[in-house]
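Here is how the chains run, residue by residue.
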Amino acid sequence: MKIRKRKIGFFSAFFGILGGLLAMVGIFLALSSREASPILAGQPEAAGLRVQTMLNALQEGDYETVSGCLYGTPDLGMEGQAAEAMGQLFWDALGDSFTYEILGDFHATDSGVALDVSISALDLSSVTANLRERAQAMLEKHIEEAEDPSDVYDANNDYREDFVMNALLAAAREALAQDAKTVTWNLTLNLIHENGQWWIMPEQDLLKALTGGILN
């Protein structure tokens, strides 16, 4: 099919979706700060269980459990993103990519205990960097291959939403297959003891790892 010489206006909607994917990190900025007590309470075994629970949930894509292990139980926003096919594709790929290694033993801090870990995961920026160009090329390819104009345009002569989304998803899958890179974060998990439980502090290095490097 010949490509019509008209402005392709789907990008604003598409990058609105991508913007929503990134907007989730804003919730972390709303976490209230606290002055932690320098008293070390509770048993390290319980702290270890809390860390293990979070890391295992991370590998399983269970972000509700991950949130439940973090101080303040912040809404990580993953379930909302899953409502969009594009967000679901990226978060599934991110969840499937997580691996971790615990480095050494707990050590005491002024506010509780800390544990060094290594977390490896998909670097989401590696698949989004050239996504605009891939989406443009994929849309044009789909237009060229379409046999019936009604597969491309609706009654108002605008691009059909399902047609555009199929092209975008194809571009995203291509980016995940060809551009995806893995990155490793070596970080320290700081835990505090409050209300009879150990909580992992949602510090920036950890949040960056949880979001595939989106949080800078």
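Above this text you will find the structure in question.
Rules and cut-offs
Residues numbered from 1 in each chain as written. Predicted model: local features only at pLDDT ≥ 70, side-chain atom pairs only at ≥ 80, totals over all residues. Heavy atoms only, no water. Helix = DSSP H or I, 4+ residues; strand = E, 2+ residues; numbered from the N terminus. Buried < 20%, exposed > 50% of the residue type's maximum accessible area, 1.4 Å probe, protein only. Contact = heavy atoms within 4.5 Å. Areas by Shrake-Rupley, 256 points an atom, 1.4 Å probe, with all protein chains shown as cover. Salt bridge = Lys/Arg side-chain N within 4 Å of Asp/Glu carboxyl O. Phe/Tyr/Trp six-rings, centres within 6.5 Å; stacked < 30°, edge-to-face > 60°. Lys NZ or Arg CZ within 6 Å of the ring centre and 35° of its normal. Core = buried A, V, L, I, M, F, W, Y, C linked by side-chain atoms within 4.5 Å. Pairing = 2+ DSSP bridges. Axes fitted to C-alpha atoms, helices over the stretch in contact; angles between N-to-C directions.

J.: Help me understand the overall build of the chain, please; the structure alone is not making it clear to me.
T.: Along the chain, the regular secondary structure elements total nine helices and four strands. Mapped in sequence order, the helices and strands of the chain form the string α-α-α-α-α-β-β-α-α-α-β-β-α. Going through the 216 residues of the chain one by one, you find that 41% of them count as buried. For the chain, the share of sequence-separated contacts (at least 6 apart) that also reach a separation of at least 24 residues comes to 73%. When the accessible surface of the chain is split by element, carbon and sulfur atoms take 48% of a total near 11200 Å².

J.: Looking at this structure, I do not really get the pattern of salt bridges. What am I missing?
T.: It is possible for side chains bearing opposite charge to pair when their charged atoms get close. Following the criterion strictly, the structure yields three salt bridges and no others. Close ionic contact of R134 with D179 constitutes a salt bridge, the shortest N to O distance being 2.8 Å. Of this pair, R134 sits in helix α7 (residues 131–145) while D179 sits in the loop between α8 (161–178) and β3 (182–194), placing them 45 residues apart in sequence. R134 gets classed as buried once you look at its relative accessible area, which sits at 16%. Note on D179: relative accessible area 14%, which makes it buried. Several salt bridges share partner residues, and in doing so they unite R134, E174 and D179 into one network.

J.: What exactly am I supposed to notice about the packing of aromatic side chains here?
T.: A ring pair, where both rings are aromatic, is described by two values, the distance of the centres and the angle of the planes. One pass over the structure, following the stated rule, counts one aromatic pair. Directly above the aromatic system of W199 lies the positively charged group of R50, at a separation of 5.1 Å from the ring centroid.

J.: Quick question: what am I supposed to make of the nonpolar core here?
T.: As a rule of thumb, soluble globular proteins bury nonpolar side chains together. In terms of nonpolar packing, the biggest core is built from 52 residues, with M54, L189, I200 and L206 touching the most fellow members. Ranked by the residues each element gives to this core, the list is headed by α8, at eight residues. Other than its neighbours up to four places away in sequence, I200 contacts R50, V51, M54, C69, L70, Y71, L189, N190, L191 and L206.

J.: Sorry, what's going on with the sheet that holds strand β1 (residues 99–108) here?
T.: Strand pairing in a sheet relies on backbone hydrogen bonds. The paired strands run either parallel or antiparallel. The strand order across the open sheet formed by four strands is β1-β2-β3-β4, and the pairing between neighbours is antiparallel. The sheet is open, and its two borders are formed by β1 and β4 (197–200), each paired with just one other strand. Adjacent strand axes in the sheet meet at a mean angle of 25°, parallel and antiparallel pairs treated alike. Bridge count for β1 against strand β2 (residues 112–122) is seven bridges, and the pairing is antiparallel. The residue of β2 that forms the bridge with T99 is S120. Sheet strands touched by helix α5 (residues 85–97): β1 and β2. Its angle to β2, the strand with the most contacts, is close to 120°.

J.: Can you help me understand the pairing of β2 in this one?
T.: If a strand is regular, its side chains alternate between the two faces of the sheet. Burial of β2 is extensive: ten of the eleven residues sit out of reach of the surface. Hairpin connection, β1 to β2: the antiparallel pair is bridged by three residues.

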